[in-house]
Amino acid sequence: DEGDYSVETIARDVLVVDVRTSQGVSAVAGQKEETDSTFGSSSQTEQVQILTLAVQNAVPFQRLGVVTSLSQFFRSIGGTIGVAIFGSILTNRYVQSFQASLSPEVRQAVPATVLDGFSNPQALMNPEQGEVIRRAFAQAGPDGARLLAELQEIVRQALASSVHEVFVFGSLVA
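## Description of the packing of aromatic side chains
In this structure the tally under the stated criterion is 5 aromatic pairs. An angle of 20° between the planes, with centres 5.9 Å apart, marks the rings of Tyr94 and Phe98 as stacked. In this pair, Tyr94 and Phe98 both sit in helix 4 (residues 64-101), 4 residues apart, roughly one turn of the helix. Each member of the pair, Tyr94 as well as Phe98, carries the same accessibility label: buried.

## Describing the environment of Leu115
With respect to the helices and strands, Leu115 occurs in helix 6 (residues 112-118). Taking the C-alpha atoms as reference points, Leu115 and Phe98, separated by 17 residues in sequence, lie 9.8 Å from one another. Not counting chain neighbours up to four residues away, the residues in contact with Leu115 comprise Phe98, Leu102, Val106, Arg107, Val110 and Leu151.

## Focus on the nonpolar core
In this structure, Phe98, Val110, Phe118, Phe137 and Leu151 are the most contacted members of the largest nonpolar core, which totals 16 residues. Those elements that place two or more of their residues in this core are helix 4, helix 6, helix 7 (127-138) and helix 8 (142-173). Of the residues forming this core, the biggest block, 6 residues, is contributed by helix 8. Apart from residues lying up to four places away in sequence, Phe118 is in contact with Tyr94, Phe98, Leu124, Ile133, Phe137, Leu148, Leu151 and Val155.

## Thoughts on the pattern of salt bridges
Per the stated rule, a full pass over the model turns up 7 salt bridges. Arg93 is paired through a salt bridge with Glu165; the nearest N and O atoms lie 3.1 Å apart. One end of the pair, Arg93, is in helix 4; the other, Glu165, is in helix 8, with 72 residues separating them in the sequence. The closest approach of N and O atoms between Glu131 and Arg134, which form a salt bridge, is 3.7 Å. With Glu131 and Arg134 both in helix 7 and 3 residues apart, this pair spans about one turn of that helix. Classification of Glu131 as partly exposed rests on a relative accessible area of 34%. Among the charged side chains, a network of salt bridges with common partners joins Glu105, Asp143, Arg146 and Glu150.

## A closer look at a nonpolar patch on the surface
Judged by side-chain polarity, Phe73, Ile77, Ile81, Ile85, Phe169 and Val173 come together as a nonpolar surface patch covering roughly 530 Å² of accessible area. With 4 residues, helix 4 is the single largest residue contributor to the nonpolar patch. Among the secondary structure elements, Ile85 is positioned in helix 4.

## Focus on helix 8
Taking 1.5 Å per residue, 32 residues should reach 46 Å; helix 8 reaches 48 Å between its end C-alpha atoms and fits that length. In the core, the buried residues of helix 8 are packed alongside helix 4, helix 5 (104-109), helix 6 and helix 7.

## Quick word on helix 7
Think of an α-helix as 3.6 residues a turn; residues three or four steps apart then line up on the same face. Spanning 12 residues, helix 7 covers 16 Å between terminal C-alpha atoms, matching the ideal 16 Å at 1.5 Å per step. Where helix 7 is buried, its residues contact helix 6 and helix 8. You can read the cap of helix 7 off the contacts: a side-chain oxygen lies 2.9 Å from the backbone nitrogen of Glu128, and it is on Asn126.

## Examining the confidence of the model for the protein
Of the residues in the protein, 73% reach a pLDDT of 70 or more, and the chain-wide mean stands at 76. At the level of individual helices and strands, the protein shows its lowest average pLDDT in helix 2 (residues 25-28), which scores 37, and its highest in helix 4, which scores 91. Under a pLDDT of 50 for its full length, residues 17-41 has, in the predicted model, 31 contacts with residues more than four places off or in other chains.

What counts, and where the lines are drawn
Residues numbered from 1 in each chain as written. Predicted model: local features only at pLDDT ≥ 70, side-chain atom pairs only at ≥ 80, totals over all residues. Heavy atoms only, no water. Phe/Tyr/Trp six-rings, centres within 6.5 Å; stacked < 30°, edge-to-face > 60°. Helix = DSSP H or I, 4+ residues; strand = E, 2+ residues; numbered from the N terminus. Buried < 20%, exposed > 50% of the residue type's maximum accessible area, 1.4 Å probe, protein only. Contact = heavy atoms within 4.5 Å. Core = buried A, V, L, I, M, F, W, Y, C linked by side-chain atoms within 4.5 Å. Salt bridge = Lys/Arg side-chain N within 4 Å of Asp/Glu carboxyl O. Patch = residues over 30% accessible without salt bridge, like charges linked within 9 Å, V, L, I, M, F, W, Y side chains within 5 Å. Areas by Shrake-Rupley, 256 points an atom, 1.4 Å probe, with all protein chains shown as cover. Expected span 1.5 Å × (residues − 1). Polar contact = N/O pair within 3.5 Å; in protein donor to acceptor, adjacent residues only side chain to side chain. pLDDT = per-residue confidence, 0-100.

Given below as structure tokens:
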């Protein structure tokens, strides 16, 4: 209704306008209409500007600031929640893939405490953890370098697999 400008009504209208206008973003950005704007040549920055203008043009002048701030708020919250969800999926899939790829020889030769260090992709970025891992494999003798190289390849494959799954899931959500 025309005079109802409660926060809930404006929030609903912003979401509806965002959904409706996202279908036409590719045409406004100079792309063909049948091109999916997610995979088109238009950058996200250009799309955000177009969507902001579309949202602002859909409401009366008196509510311009409210709609603009709500649009930015929902975009920020969506980004935060998206990063948390996709980060969780990435970590979960990485650990599963890493554990599944370990050969019985590696499981037997490498201490469990060292393998646990590989289970956390964040820990692998820690220089101190890297030094602990290198020292542990140096103590393993001549097979240490081979085992480390094998584990590094397992890590690469597990990360590649988990990142791939995150992108597939993200493309389904988008």
